[in-house]
Amino acid sequence: MILYLIRHGQSSNNLLAEQFKDLPRPYPFETYMKQRVAEPPLTKLGEHQAERLGSYVKGMAISRLYCSPMLRTMQTIRPLAESLGCNPAVWIELHEHGGVFHRPGADAQAVGHPGLSRSEMSEMFPNYRSDGIGENGWWQGGEEDLASCHARAVRVAEELQRMACESEEDESIAAVSHGTFMDSLLKALLGRLPGHGLYFNHHNTGVTRVDFSPTRMPGMLTVTVRYTNRVTHLPDEHMTY
């Protein structure tokens, strides 16, 4: 099985963070935390990145699409779905580290938000499968810590291994997720969690390919990272972090 792991397009929070990235902390970080939103949409540039991504995958033999339940990934995957003629499935555990929350300052208490409800998803993205999403949304609680994110990445890695064992060797799937969670997931697939001093960075709509290949031992797979953060579909002026 081939997995194309893709980061979402530029969100409004990404754009906000870029305005502060070259300034010394902590004051810009405090300002960023106060101004960020819990459920950021794509920017106009993010939408353009997603459109280019959709053109890039057109003609690729991708049979299944997955995305996190966050608005920016659901918007990003829409051009892919249209290009491939494939309806995406929402996979809750692909969400970004932290969940859906607002924290008005580095030391302030995080306030959780439920995320999109099933009816909201159906109205905005009528062709998406949203199993497991209720009318009260999908996120419960405040801000997820990094250890919980790592544990979730291990669960997703194990599920991908199971899917690969049951799929055809040359089947291709794609999943649109988020920067920090994609880093955790790749480390989980490579047996590096918990790990420090290593980070798999992805630009907005950056693509990483991971191959799952059978071995001589039943149920055992070789995981091969073919490439990471491929952004050949974007011109230089449209690349963002």
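Note: the structure precedes this text.
Our subject in this report is the structure included herewith. (Residues numbered from 1 in each chain as written. Predicted model: local features only at pLDDT ≥ 70, side-chain atom pairs only at ≥ 80, totals over all residues. Heavy atoms only, no water.)

## Side note on the pattern of salt bridges
Scanning the model with the defined rule gives 11 salt bridges in all. Note that R103 and E143 form a salt bridge whose closest N and O atoms lie 2.8 Å from each other. Taken as a pair, R103 in the loop between β4 (101–102) and β5 (111–112) and E143 in the loop between α5 (118–124) and α6 (146–166) lie far apart in primary sequence, 40 residues in all. Note that R162 is salt-bridged to E166, the shortest N-O span being 2.7 Å. With R162 and E166 both in helix α6 and 4 residues apart, this pair spans about one turn of that helix. Here E166 falls in the exposed class, since its relative accessible area comes to 60%. Linked by salt bridges that have partners in common, E159, R162 and E166 make up one network. (Salt bridge = Lys/Arg side-chain N within 4 Å of Asp/Glu carboxyl O. Helix = DSSP H or I, 4+ residues; strand = E, 2+ residues; numbered from the N terminus. Buried < 20%, exposed > 50% of the residue type's maximum accessible area, 1.4 Å probe, protein only.)

## Notes on the packing of aromatic side chains
Within this structure, the stated rule accounts for 3 aromatic pairs. Where Y66 meets W91, the ring centres are 5.4 Å apart and the plane angle is 65 degrees; that geometry is what we call edge-to-face. Taken as a pair, Y66 in strand β2 (residues 62–67) and W91 in the loop between β3 (89–90) and β4 lie far apart in primary sequence, 25 residues in all. When its relative accessible area of 15% is taken as the criterion, W91 is described as buried. Across the ring face of Y227, the terminal group of R230 is positioned such that the distance to the ring centre comes to 3.6 Å. (Phe/Tyr/Trp six-rings, centres within 6.5 Å; stacked < 30°, edge-to-face > 60°. Lys NZ or Arg CZ within 6 Å of the ring centre and 35° of its normal.)

## Things to note about the pairing of strand β7 (residues 207–214)
Where strand β1 (residues 2–7) meets β7, 5 bridges bridge the pair, whose relative direction is antiparallel. For L3, the partnering residue across the bridge sits in β7 and is V210. As defined by bridge partners, β7 adjoins strand β8 (residues 221–230) across 7 bridges and the pair is classed as antiparallel. The partner of F212 across the bridge, within β8, is V223. (Pairing = 2+ DSSP bridges.)

## Some words on the packing of α6 against helix α7 (residues 179–189)
Here α6 crosses α7 at 55 degrees, and the two axes come no closer than 8 Å. In terms of their interaxial angle, α6 and α7 are classed as oblique. Both α6 and α7 take part in a crossing whose hand is right-handed. Across from L146, C149, H150, R152, A153, V154, V156, A157 and L160 in α6, the residues of α7 making contact are T180, F181, S184, L185, A188 and L189. A class-by-class count of the residues in the contact of α6 with α7 yields 11 nonpolar, 3 polar and 1 charged. (Axes fitted to C-alpha atoms, helices over the stretch in contact; angles between N-to-C directions. Parallel < 35°, antiparallel > 145°, perpendicular 65-115°, else oblique. Left-handed = near helix turned anticlockwise from the far one by under 90°. Contact = heavy atoms within 4.5 Å. Nonpolar A, V, L, I, M, F, W, Y, C, P; charged D, E, K, R; others polar.)

## Some details on unusual backbone geometry
At T205, a residue that is not glycine, the phi angle is positive and equals roughly 65 degrees. Secondary-structure assignment places T205 in the loop between α7 and β7. In this structure T205 comes out as buried when scored by relative accessible area, which is 0%. Positive phi values are uncommon outside glycine, yet N229 reaches one of about 50 degrees. By the element assignment, N229 lies in strand β8. You can call N229 buried: its relative accessible area is 17%.

## With respect to the layout of surface pockets
The gaps left among the atoms become clear once a water-sized probe is rolled over them. The computed volume of the largest pocket comes to approximately 980 Å³. What lines the largest pocket is a set of 34 residues, and nearest its centre among them are N14, A17, Y32, E96 and T180. Listed by contribution, the elements that provide at least two residues to the lining of the largest pocket are α1 (12–18), α2 (27–35) and α7. (1 Å grid on protein atoms, 1.4 Å probe; cavity = no way out; pocket = protein on both sides within 12 Å on 5 of 7 lines; lining within 4 Å. Points joined across faces, edges and corners; volume = space filled by probe spheres on them.)

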